[in-house]
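Next come the chains, spelled out residue by residue.
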Amino acid sequence: MEKLHEKFVKYGANARHWLRQCALLLPEIARQEIWRAKGFSNIYEYAAKLAGMSKAQVDTALWVVRAVEDKPELKKVVEEKGINCVKPIVAIATKETASFWAEKATEMNQHDLETYVREYKTDFLRAEKTETIEMSLDPKIADQLRKMKGALDWNTFMKELLDNQQKPEPAQTKQVPTRIKKHVIAKTNGICSYPGCHKPAEELHHANRQALDPTHNPTHIHALCKSHHHLAHHSLIANEQRQPCEWRLLAQPDKTQPKYRIDRLVQKYRSP
Ligand SMILES: [Zn+2]
Ligand SMILES: [Zn+2]
């Protein structure tokens, strides 16, 4: 059984390697219309019959390879890891930022990279903005809220209100106690607590890193989806010791933070 499996893994890796090589050749084959000279009716027929590539694979290959042509750093990633690994960043990378994105594409899997790009657009490319929420309240409740708010602005007031919610006591147990687990999940109704994410939370994250601080403190445990949990352990979230509404995406991990060392270790045990 093991032998069969080993063979399959080996052949599979080879197949992927050679398919990557085919994809890299396609734009030039398309440009010179070599498919025509060889009697095929178009590049899709050529790629399908000769390499078993689907139309979508051809389109992606042409698009990605052309986009990285003037970006040697990204071209290298395509050659080493394949087209799909670069796909999430093709539209955002420029010649100036190519080496930055090449590094990210090398370190992250495709899914995490997609998440990172989405947050990057939100945090770095979009101007600061506020959001208006309309609420129909009982006038007496509205009055109470206004009085409680006093001279604060609504944003600060609402944040304080959120921070002052009742929490269970921190614990030093091996596992996260159920009451803390329940509280953490209830904070976001089971949704990932990363700002703007609406995916179901799948994992609990210790913002202070359990290896550095073994206390299960409900203030510093957050429910996250897989991708945002991965971003956290890529050390790419700033202000993690504060509440998620103050988290910011980082362009580079802060290597001076002790948690960086822990995160590197976590990365090692995680398959890419
Ligand atoms: Zn974590
Ligand atoms: Zn998320």
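Placed above this text is the structure.
In this text, all values refer to a predicted model and were calculated from it rather than measured experimentally.

J.: Explain the overall build of the protein to me, please; I cannot follow it from the model alone.
T.: The helix and strand inventory of the protein stands at twelve helices and four strands. Taking 272 residues into account, the globule formula puts the C-alpha radius of gyration at 19 Å, and the protein, at 25 Å, lies well above it. In terms of principal-axis extent, the alpha carbons of the protein reach across some 80 × 45 × 35 Å. When burial is assessed residue by residue, the protein has 35% of its 272 residues classed as buried. A separation threshold of at least 6 residues defines the contact pool for the protein, and within that pool the share at least 24 residues apart is 57%. By element, 55% of the accessible surface of the protein is carried by carbon and sulfur atoms, the whole surface being about 17,500 Å². Looking at charge distribution, the protein has the averaged site of its 44 positive side-chain charges lying 4 Å from that of its 34 negative ones.

J.: What is the right way to look at the coordination of the zinc ion (ligand 1) in this model?
T.: In a perfect tetrahedron of four donors around a metal, the angles come out at 109.5 degrees. In a perfect octahedron of six, they are 90 or 180 degrees. Distances from the zinc ion (ligand 1) to its protein donors, namely His205 (ND1), His229 (NE2) and His233 (NE2), fall within the range 2.0 to 2.1 Å. Taken in chain order, the donor set of the zinc ion (ligand 1) reads H-x23-H-x3-H. With His205 in strand β1 (residues 203-206) and His229 in helix α11 (residues 226-233), the pair connects residues that are 24 residues apart, well separated along the chain. The exposure classification of His205 matches that of His229, with both residues buried.

J.: Even after reading the chapter, I still don't get the coordination of the zinc ion (ligand 2), so can you show me in this structure?
T.: Protein ligation of the zinc ion (ligand 2) involves Cys192 (SG), Cys197 (SG), Cys225 (SG) and His228 (ND1), the donor distances falling in the range 2.0 to 2.4 Å. Each of the four donor atoms around the zinc ion (ligand 2) contributes to a set of angles spanning 100 to 116 degrees, which defines the coordination as tetrahedral. Sequence spacing among the residues donating to the zinc ion (ligand 2) works out to C-x4-C-x27-C-x2-H. Placement of the pair is Cys197 in the loop between α10 (178-187) and β1 and His228 in helix α11, with a sequence separation of 31 residues. Taking relative accessible area as the criterion, Cys197 reaches 8% and is therefore assigned buried.

J.: Help me understand the side chain of Gln243, please; the structure alone is not making it clear to me.
T.: Assignment of secondary structure puts Gln243 in the loop between β3 (237-238) and β4 (248-249). At a separation of 3.1 Å, a polar atom in the side chain of Gln243 contacts the main-chain carbonyl oxygen of Thr219. Excluding residues within four positions of it along the chain, Gln243 makes contact with Asp163, Lys187, Thr219 and His222.

J.: How should I be thinking about empty space enclosed by the protein in this particular structure?
T.: Empty space among the atoms can be located by rolling a probe the size of a water molecule over them. Counted under the stated rule, the structure contains one cavity of 30 Å³ or more. For the largest cavity, the calculated volume is near 40 Å³. For the largest cavity, the full set of lining residues is His206, Ala207, Asn208, Asp213, Thr215, Asn217, His220 and Ile221. Tallied by class, residues from the lining of the largest cavity come to two nonpolar, five polar and one charged.

J.: What exactly am I supposed to notice about the environment of Ala223 here?
T.: Here Ala223 is to be found in strand β2 (residues 221-224). Its relative accessible area of 3% is what places Ala223 among the buried residues.

J.: Would you take a moment to explain the pattern of salt bridges for this structure?
T.: It is possible for side chains of opposite charge to pair when their charged atoms get near one another. Taken as a whole and judged by the stated rule, the model has 14 salt bridges. Ionic pairing is found between Asp143 and Lys147, a salt bridge with its closest N-O pair at 2.7 Å. Note that Asp143 and Lys147 are positioned in helix α8 (residues 139-149) at a spacing of four residues, about one turn of the helix. Residue class for Asp143 comes out partly exposed when judged on its relative accessible area of 34%. Looking at Lys147, the relative accessible area reads 63%, which means it is exposed. The salt bridge partner of Glu240 is Arg209, with a shortest N-O separation of 3.0 Å. One end of the pair, Glu240, is in the loop between β3 and β4; the other, Arg209, is in the loop between β1 and β2, with 31 residues separating them in the sequence. Owing to a relative accessible area of 1%, Glu240 belongs among the buried residues under this scheme. With a relative accessible area of 2%, Arg209 lands in the buried category.

J.: How should I be thinking about the layout of surface pockets in this particular structure?
T.: Its boundaries defined by the atoms lining it, the largest pocket holds a volume of some 2,300 Å³. Contributions of two or more residues to the lining of the largest pocket are made by α7 (110-125), α8, α9 (154-163), α10 and β2. Ranked by residue count, the leading element in the lining of the largest pocket is α9, at six residues. Its volume calculated, the second largest pocket comes out at about 380 Å³. Around the second largest pocket, the lining comprises 16 residues; the ones closest to its centre are Leu19, Arg20, Gln57, Ile83 and Asn84. Contributing elements (two or more residues each) for the lining of the second largest pocket: α1 (2-31) and α4 (55-68). Tallied by class, the residues present in the lining of the second largest pocket amount to seven nonpolar, five polar and four charged.

Quick notes on the rules
- Residues numbered from 1 in each chain as written.
- Chains lettered and ligands numbered in written order.
- Predicted model: local features only at pLDDT ≥ 70, side-chain atom pairs only at ≥ 80, totals over all residues.
- Heavy atoms only, no water.
- Helix = DSSP H or I, 4+ residues; strand = E, 2+ residues; numbered from the N terminus.
- Rg over C-alpha atoms; globule rule 2.2 N^0.38 Å.
- Buried < 20%, exposed > 50% of the residue type's maximum accessible area, 1.4 Å probe, protein only.
- Contact = heavy atoms within 4.5 Å.
- Areas by Shrake-Rupley, 256 points an atom, 1.4 Å probe, with all protein chains shown as cover.
- Lys, Arg positive; Asp, Glu negative; His and termini not counted.
- Charge placed at Lys NZ, Arg CZ, Asp CG, Glu CD.
- Donors = N, O, S within 2.8 Å, 3.2 Å for Na, K, Ca; no water.
- Tetrahedral: all angles 85-135°; square planar, octahedral: opposite > 155°, others 65-115°.
- Polar contact = N/O pair within 3.5 Å; in protein donor to acceptor, adjacent residues only side chain to side chain.
- 1 Å grid on protein atoms, 1.4 Å probe; cavity = no way out; pocket = protein on both sides within 12 Å on 5 of 7 lines; lining within 4 Å.
- Points joined across faces, edges and corners; volume = space filled by probe spheres on them.
- Nonpolar A, V, L, I, M, F, W, Y, C, P; charged D, E, K, R; others polar.
- Salt bridge = Lys/Arg side-chain N within 4 Å of Asp/Glu carboxyl O.

Remember that the coordinates give geometry; whether it matters functionally is a separate question.
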